[in-house]
Amino acid sequence: GAGVSQSPSNKVTEKGKDVELRCDPISGHTALYWYRQSLGQGLEFLIYFQGNSAPDKSGLPSDRFSAERTGGSVSTLTIQRTQQEDSAVYLCASSFIGEAYEQYFGPGTRLTVT
Amino acid sequence: EDQVTQSPEALRLQEGESSSLNCSYTVSGLRGLFWYRQDPGKGPEFLFTLYSAGEEKEKERLKATLTKKESFLHITAPKPEDSATYLCAVPNSGNTPLVFGKGTRLSVIA
């Protein structure tokens, strides 16, 4: 079946511009996660949506970052006024509730801020 | 703060040369340890979940084991297609779903 998909696969933007990254989770998965992976670093948790509960935003690095999940499915991560340090691969994952740690990842969006 | 440390950072093996990767962790109340494989340009792929000390799981040439302080990923007679970065992760004692180590980059040379 279809896995997690993300778009775009690559995004180059100028410093100060806003960007939107999209994630389509596996159908039926009710939990959705965003992570960031920088060169030489591990995966950094950003935000977590579980069902209809309020999202866990504890990993968002600044108020320039926000995310929403519409209809319990597609999610969009928005970065406002991008900075060079935002350059990274942004990964989305989804899982069934109750199996929250067996997460299935998308291919990621590589963001480059120039 | 919970920590996950993986070693070595990089490992180069000849095809058929068995070895082990290490993942040490400090969490208050382990709720499982997870191994993932990540190929270049792709997202991590789930491999194993271990929940209690002494537990072992196997998949092809990989075997994961768990103690109270660390986990090992044993690779027996590796092949070039096993080349990847291997990540381990534990659930944070707080609210974040997973805390990942930085990974071990494995290269298997034919």
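The paragraphs below set out a description of the structure included in this document. Keep in mind the model is a prediction, meaning the values are calculated, not measured. Counting from 1, residues in each chain are numbered in the order their sequence is written. Chains and ligands are labelled by the order in which they are written, letters from A for the one and numbers from 1 for the other. In view of the model being predicted, local features appear only for residues whose pLDDT reaches at least 70, and side-chain atom pairs are presented and counted only at 80 or more, with totals across whole chains, interfaces and linings using the full set of residues. Think of the side-chain values as coming from all heavy atoms in the structure, minus any hydrogens and water.

Quick look at the sheet that holds strand S7 (residues 75-79) of chain A now. All names here are of chain A. Strands are treated as partners if at least two bridges between them are detected by DSSP. In this description a helix means any DSSP run of H or I spanning at least four residues, a strand means any run of E spanning at least two, and both kinds are numbered starting from the N terminus. The strand order S1-S3-S7-S6 describes an open sheet built from four strands, whose pairing is antiparallel. Each end of this open sheet is capped by a strand with a single partner; those strands are strand S1 (5-7) and strand S6 (65-69). Adjacent strand axes in the sheet meet at a mean angle of 15°, parallel and antiparallel pairs treated alike. Across three bridges, S1 lies against strand S3 (residues 19-24) in antiparallel orientation. If you follow Gln6 over to S3, its bridge partner there is Cys23. Whenever a helix is involved, its axis is fitted only over the stretch in contact; in every case the axis is a line through C-alpha atoms, and angles between N-to-C directions fall within 0 to 180 degrees.

Here we come to the pairing of strand S11 (residues 104-109) of chain B. All names here are of chain B. Burial of the side chains of S11 is restricted to one face: Thr104, Leu106 and Val108 are buried, whereas none of Arg105, Ser107 and Ile109 on the reverse face is. Here five bridges tie strand S2 (residues 10-14) to S11, and the two strands are oriented parallel to one another. Bridged to Leu13 within S11 is Val108. Pairing of strand S9 (residues 84-90) with S11 involves three bridges; the strand directions are antiparallel. Looking at S11, one finds that Ala84 is bridged to Leu106. Relative accessibility under 20% of the residue-type maximum defines a buried residue, over 50% an exposed one, and the middle range a partly exposed one, all with a 1.4 Å probe and only protein chains included.

The subject of this paragraph is the interface of chain B and chain A. Between chain B and chain A, the residue contacts involve 19 residues of the former and 18 residues of the latter. By convention, the term buried area covers the 1.4 Å-probe accessible surface removed from two parts as they join, with the contributions of both added. Regarding the contact of chain B and chain A, the summed buried area is about 1,500 Å², with carbon and sulfur atoms giving 61% of it. In terms of surface lost to chain A, no three residues of chain B exceed Pro97, Phe100 and Lys102 of chain B, which account for 32% of the buried area on that side. Basic side-chain nitrogens of Lys or Arg form a salt bridge, by our definition, when they fall within 4 Å of a carboxyl oxygen of Asp or Glu. On the surface where chain B and chain A come into contact, there are zero salt bridges. As used in this structure description, the phrase polar contact means that two N or O atoms lie within 3.5 Å; if the pair is within protein, one of them must be able to donate a hydrogen and the other to accept it, and residues adjacent in sequence are counted only when both atoms belong to side chains. The tally of links from chain B across to chain A stands at two residue pairs in polar contact (both at pLDDT 80 or more). Contributing elements (two or more residues each) for the side of chain B that touches chain A: strand S4 (33-38) and strand S5 (45-50) of chain B. Residues are grouped as follows: Ala, Val, Leu, Ile, Met, Phe, Trp, Tyr, Cys and Pro are nonpolar; Asp, Glu, Lys and Arg are charged; all remaining types, including Gly, are polar. Classifying every residue of the side of chain B that touches chain A gives nine nonpolar, seven polar and three charged. When checking whether two residues touch, look at their non-hydrogen atoms; a contact exists if any pair is within 4.5 Å.

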